[in-house]
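Architecture at a glance
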Amino acid sequence: LLSPLYSGPLQAIMKGLVESVLRAPSSSQSTRAFLYGSLLYYLLMTKQEGGSYRKKATSLWQADSAQDSLSAASLQILNSFGEPLMESVCRDACSGHDVTRMLSLSLLDAIAAIDWQGLWLKFLTVKGYLQTLCTSLQWEDQALQKMLHPLPEALKALYIYESKMAFLTRLAHTPAGAQELVSLNCPLYLSECRFVDMRPSRNGDSLPLGHPHVYPTSTTGGFIPTVADRYRQMFLPVLKFLLALLTCPGPQQREASTQVTALIGAHSDLFATILRDHVHHISIATLHELALVTALISRSGIGKKYQWFES
């Protein structure tokens, strides 16, 4: 744990980083990326292990440790810069260059973890940035489909997508965030994504569901993940996001269930294939995928409509 003795110097460093972000012009994307990375590292370094704040009956938050105090101070510093900082980070998360987008999305994820007042969520919603993030899932579908080529040109679209889904899933775990995401029809945008149906077949030599291309599940280079691994990097975040929406309490639950059911119905062949798939070589990855799929179907109640378990 970090000692309280370091809190003053650390807060001064953080203020300097935020001020540098606000001074850096939009054209200096590399500089902004470095600054976002530094802020992200700071927030992760001062994050409490295994939890967050406890909310008291007075709607105040009680700090239980030095990590709590630093997180509370970090949030206070961020909020003290107001909308100019929010505008800068949110704009780069939606329209910055590749690395800048990825790091600003990760920074938003870290901020959302300590933003107990929901000020950043409110700004994202009012200014339309959350709507943009949701609709961009459908816009970037073609780029994500290319990530399942045997040797894609670059994996930047995949990494941006992972950062985006991690942030949206973080929001989906909160009642206010889940309500906004459902009101924006975020699951319905995902239901339109064709990359979801591009699951490699278990024999590794084709894609099911009538896809015309043939993609092996292995690659010649050690750096690039296999096609199967890349598919799971895209599909598992979808399942986790939908589960977060279904399990988060609030008035949005019924509509969330309706939208999730629509998504499962739109990709019913895929879900049926996963449930019926007889894997000869069981792995942690295949078990994880199956566990998430069965949990999602169970939570949504769609299993009563599609009798997949009978055959």
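Residues numbered from 1 in each chain as written. Predicted model: local features only at pLDDT ≥ 70, side-chain atom pairs only at ≥ 80, totals over all residues. Heavy atoms only, no water.

**Structural notes on the overall build of the protein**
When its secondary structure is counted, the protein shows 15 helices and two strands. Across the 311 residues in the protein, those meeting the buried criterion constitute 46%. Within the structure as shown, the protein displays about 15,200 Å² of accessible surface, and the carbon and sulfur contribution to it stands at 56%. (Helix = DSSP H or I, 4+ residues; strand = E, 2+ residues; numbered from the N terminus. Buried < 20%, exposed > 50% of the residue type's maximum accessible area, 1.4 Å probe, protein only. Areas by Shrake-Rupley, 256 points an atom, 1.4 Å probe, with all protein chains shown as cover.)

**Some remarks on the state of the cysteines**
Applying the stated criterion across every chain, the model contains zero disulfides. Left without a disulfide partner, C186 is nearest to the cysteine sulfur of C134, which lies 3.3 Å away. (Disulfide = S-S within 2.5 Å.)

**Some words on unusual backbone geometry**
Backbone geometry at N185 places phi at a positive 60 degrees, although glycine is not the residue there. Position of N185 relative to the elements: it lies in the loop between α10 (175-183) and α11 (186-191).

**A word on the packing of helix α7 (residues 129-139) against helix α9 (residues 156-172)**
How two helices sit against one another is set out by the angle between their axes and by the gap between those axes. It is at 11 Å that the axes of α7 and α9 come closest, and there the two elements cross at 125 degrees. Classified by the angle their axes make, α7 and α9 are oblique. Considering only the axes of α7 and α9, their crossing is left-handed. Contacts between α7 and α9 involve L130, L133, S136 and L137 from the first element and Y161, K164, M165, F167, L168 and L171 from the second. Residues belonging to the contact of α7 with α9 are distributed by class as follows: eight nonpolar, one polar and one charged. (Axes fitted to C-alpha atoms, helices over the stretch in contact; angles between N-to-C directions. Parallel < 35°, antiparallel > 145°, perpendicular 65-115°, else oblique. Left-handed = near helix turned anticlockwise from the far one by under 90°. Contact = heavy atoms within 4.5 Å. Nonpolar A, V, L, I, M, F, W, Y, C, P; charged D, E, K, R; others polar.)

**Focus: α9**
The end-to-end C-alpha distance of α9 is 24 Å, a good match for the 24 Å that 17 residues give at a rise of 1.5 Å each. Of all 17 residues in α9, 12 are buried; the element is thus mostly enclosed. All of the buried residues along α9 are A157, L158, I160, Y161, S163, K164, M165, F167, L168, T169, L171 and A172. (Expected span 1.5 Å × (residues − 1).)

**Concerning the pattern of salt bridges**
Counted under the stated rule, the structure contains nine salt bridges. Between R170 and D109 there is a salt bridge, with the nearest N and O atoms lying 2.7 Å from each other. In this pair, R170 is assigned in helix α9 and D109 in helix α5 (residues 98-112), connecting sequence segments 61 residues apart. In this structure, D197 and R194 form a salt bridge, with 2.9 Å as the shortest nitrogen-oxygen distance. Linked by salt bridges that have partners in common, R101, E140 and K164 make up one network. (Salt bridge = Lys/Arg side-chain N within 4 Å of Asp/Glu carboxyl O.)

**Some points on the packing of aromatic side chains**
On inspection of all chains with the given rule, the structure shows four aromatic pairs. Taking 6.2 Å as the distance between ring centres and 25 degrees as the angle between the ring planes, the aromatic pair formed by F123 and Y129 counts as stacked. Residues F123 and Y129 agree in their burial class; the two are buried. Taking the centre distance of 5.6 Å and the plane angle of 80 degrees together, the rings of Y161 and F195 count as edge-to-face. Taken together, the positions of Y161 in helix α9 and F195 in the loop between α11 and α12 (227-247) put the pair 34 residues apart, joining distant regions of the chain. Relative accessible area serves as the criterion here: at 1%, Y161 is assigned to the buried category. Of the aromatic side chains, those joined through ring pairs into one cluster are Y231, F235 and F271. (Phe/Tyr/Trp six-rings, centres within 6.5 Å; stacked < 30°, edge-to-face > 60°.)

**Structural notes on the confidence of the model for the protein**
The pLDDT averaged across the protein works out to 85; a share of 80% of its residues lies at or above 70. A low-confidence stretch, residues 49-61 stays under pLDDT 50, and its non-local contacts, those more than four residues away or across chains, total 15 contacts. Per-residue pLDDT stays below 50 along residues 204-220; that stretch engages in 44 contacts with residues further than four places along the chain or on separate chains. (pLDDT = per-residue confidence, 0-100.)

**Let's talk about the side chain of S191**
Position of S191 among the secondary structure elements: in helix α11. Among all residues touching S191, those that are not within four sequence positions of it are L263, A266 and H267.

**Comments concerning the packing of α5 against α9**
Packing of α5 against α9 leaves a shortest axis separation of 9 Å and a crossing angle of 15 degrees. With respect to α9, the axis of α5 lies roughly parallel. Of the two elements, α5 crosses α9, and the hand of that crossing is left-handed. Residues D98, R101, M102, L105, S106, L108, D109 and A112 of α5 form the contact with α9, whose own contacting residues are K156, Y159, I160, S163, K164, A166, F167, R170 and L171. For the contact of α5 with α9, a count of residues per class yields nine nonpolar, two polar and six charged.

**Focus: a nonpolar patch on the surface**
A contiguous nonpolar patch, built from I282, I284 and L287 and spanning about 350 Å² of accessible area, is present on the exposed surface. Here L287 lies in helix α15 (residues 284-300). Residue class for L287 comes out partly exposed when judged on its relative accessible area of 45%. (Patch = residues over 30% accessible without salt bridge, like charges linked within 9 Å, V, L, I, M, F, W, Y side chains within 5 Å.)

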